[in-house]
Amino acid sequence: MSSAATRPAGPDDLWSVDEHLEDVLTTVRPLEPIELHLLDAQGCVLVDDVTVPVALPPFDNSSMDGYAVRVADVAGASEEFPAVLEVVGDVAAGTGDLLRVGPGQAARIMTGAPLPPGAEAVVPVEWTDGGLGEGPVTGMRARSLAPEGAQGQVRVHRPAEARAHVRAQGSDVKAGDLALEAGTVLGPPQIALLAAIGRGTVRVRPRPRVVVMSTGSELVQPGEELGPGQIYDSNSFALTAAARDAGAIAYRVGAVADDADTLRAAIEDQLIRADLLVTTGGVSVGAYDVVKEALSHAGDEDEPGGGVEFRRLAMQPGKPQGFGTIGRDHTPLLALPGNPVSSYVSFELFVRPAIRTLMGLDDVHRPRTRATLRTAKALGSPKGRRQFLRGTYADGEVTPVGGAGSHLIGALAHADALIVVPEDTESVAPGAEVEVVLLG
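Residues numbered from 1 in each chain as written. Predicted model: local features only at pLDDT ≥ 70, side-chain atom pairs only at ≥ 80, totals over all residues. Heavy atoms only, no water.

A. Seen up close, the nonpolar core. Residues L276, L334 and I355 are the most contacted members of the largest nonpolar core, which totals 40 residues. Going through the elements one at a time, α1 (17-27), β13 (209-215), α4 (235-246), β17 (276-280), β21 (331-336), α7 (340-359) and β26 (417-421) are the ones with two or more residues in this core. Per-element accounting of this core gives the leading share, 11 residues, to α7. Setting aside residues no more than four positions away along its own chain, I355 makes contact with P208, V210, A243, A246, A248, L276 and F347. (Core = buried A, V, L, I, M, F, W, Y, C linked by side-chain atoms within 4.5 Å. Buried < 20%, exposed > 50% of the residue type's maximum accessible area, 1.4 Å probe, protein only. Helix = DSSP H or I, 4+ residues; strand = E, 2+ residues; numbered from the N terminus. Contact = heavy atoms within 4.5 Å.)

See below:
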């Protein structure tokens, strides 16, 4: 049973939003760290600080295609009076044995190639005649087509300061620097840095595997034809997408019919690939609320794995909720209501923080702010319930979208925030300051 499930409460008592959330977050534990190859670690949370073993770049190198020169040799150079230098060879990226640039000499150098001994700066090829004895050129000829470009003379038409167009050793990061802190989510730039400093693997908490299933005999897969009394299953798609957005590897299971044995079997089949299970629908007080029927006894002595408790929360939408652990590995399960808005709001408030906790993140909640309410008339809210209304937020103002109905998917699709009305507030006037949960 979850940690707060023994909270004294009568059958008619309501849990607060905060009590339910605390129960979820004190039960869910971060996943154990594993070592992964870099690309497999994308989206995962770094467990340990990573320090830089070697400077980046590891040597002085050219930031341009051009010629490595000595500053004194090109001082005062112009198109009318160019500096004429002897080309002693090529320096390409990856070159190990470097030639030396002496007085009156230049080495043709490529972007990323090490700055050769004796050279003090790089002049871009566009500042030269490219060794052709004519005016300024726009680029170099391919070595395979014109090998003679690595010898002869080059005319430089502009002077260069010391270290011009040179990337200094350690100018990005120095050996011993902190590259990434523990707790960092690894995205493409972070993976690029790890690769650049030579890390092939990294220790992370893996992305949690979340299985989402909706329940209801009335549900039909999108793309199929609707029959009498049927609707399309949108919840499982919405919550699977939301789980992926939260950082999880999410699997959607096709809608399960209103049969307790079928649901129990489906859940048991999914436990092998789940760090977290999310169901939607079947948690209220109706005769066909199959999730309650299937899971209310999941914690009995002959069914190891904790248990799922169904409770009512002092919130709107999303009053009926279920939470607990099931199976021998005590896999957390959150049972959400079936109305589309109720299930999505419940996901944002309870499931998303659970996913982020499994990932090992410190900050698991959506950002919140204060905003001025822009509406034509006051918003009503039921006494004793914390209401979450959909809205759009911009420039410190929030405007309600749609009504309070928990079936209004169209309004939900245009919302990027939740307007929070506290339990002790029954009306919010236009222009009032309100708390806002930012969804995107």
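B. A look at the pattern of salt bridges. The final tally for this structure, using the stated rule, is 17 salt bridges. Ionic pairing is found between D23 and R311, a salt bridge with its closest N-O pair at 2.9 Å. With a gap of 288 residues between them, D23 in helix α1 and R311 in strand β18 (residues 307-312) connect regions that are remote in the sequence. Across this residue pair, the class does not change: D23 and R311 are buried. A salt bridge links D48 to R203, with the nearest nitrogen and oxygen atoms 3.1 Å apart. (Salt bridge = Lys/Arg side-chain N within 4 Å of Asp/Glu carboxyl O.)

C. Fine view of the sheet that holds strand β1 (residues 34-37). One open sheet holds the 3 strands; their spatial order is β1-β12-β2, and the pairing between them is antiparallel. Each having just a single partner strand, β1 and β2 (45-46) make up the two edges of the open sheet. Pairing geometry for β2 and strand β12 (residues 201-205), over 2 bridges, is antiparallel. Bridged to V45 within β12 is R205. (Pairing = 2+ DSSP bridges.)

D. Just the packing of α4 against α7, in detail. Two numbers describe how α4 lies on α7: the axes approach to 10 Å, and their chain directions differ by 30°. Relative to α7, the element α4 lies roughly parallel. Here α4 runs over α7; the crossing is right-handed. On the side of α4, the interface is formed by N235, L239, A242, A243, D245 and A246, while α7 contributes P340, S343, Y344, F347, R352, I355, R356 and M359. Grouping the amino acids of the contact of α4 with α7 by side-chain chemistry returns 9 nonpolar, 2 polar and 3 charged. (Axes fitted to C-alpha atoms, helices over the stretch in contact; angles between N-to-C directions. Parallel < 35°, antiparallel > 145°, perpendicular 65-115°, else oblique. Left-handed = near helix turned anticlockwise from the far one by under 90°. Nonpolar A, V, L, I, M, F, W, Y, C, P; charged D, E, K, R; others polar.)

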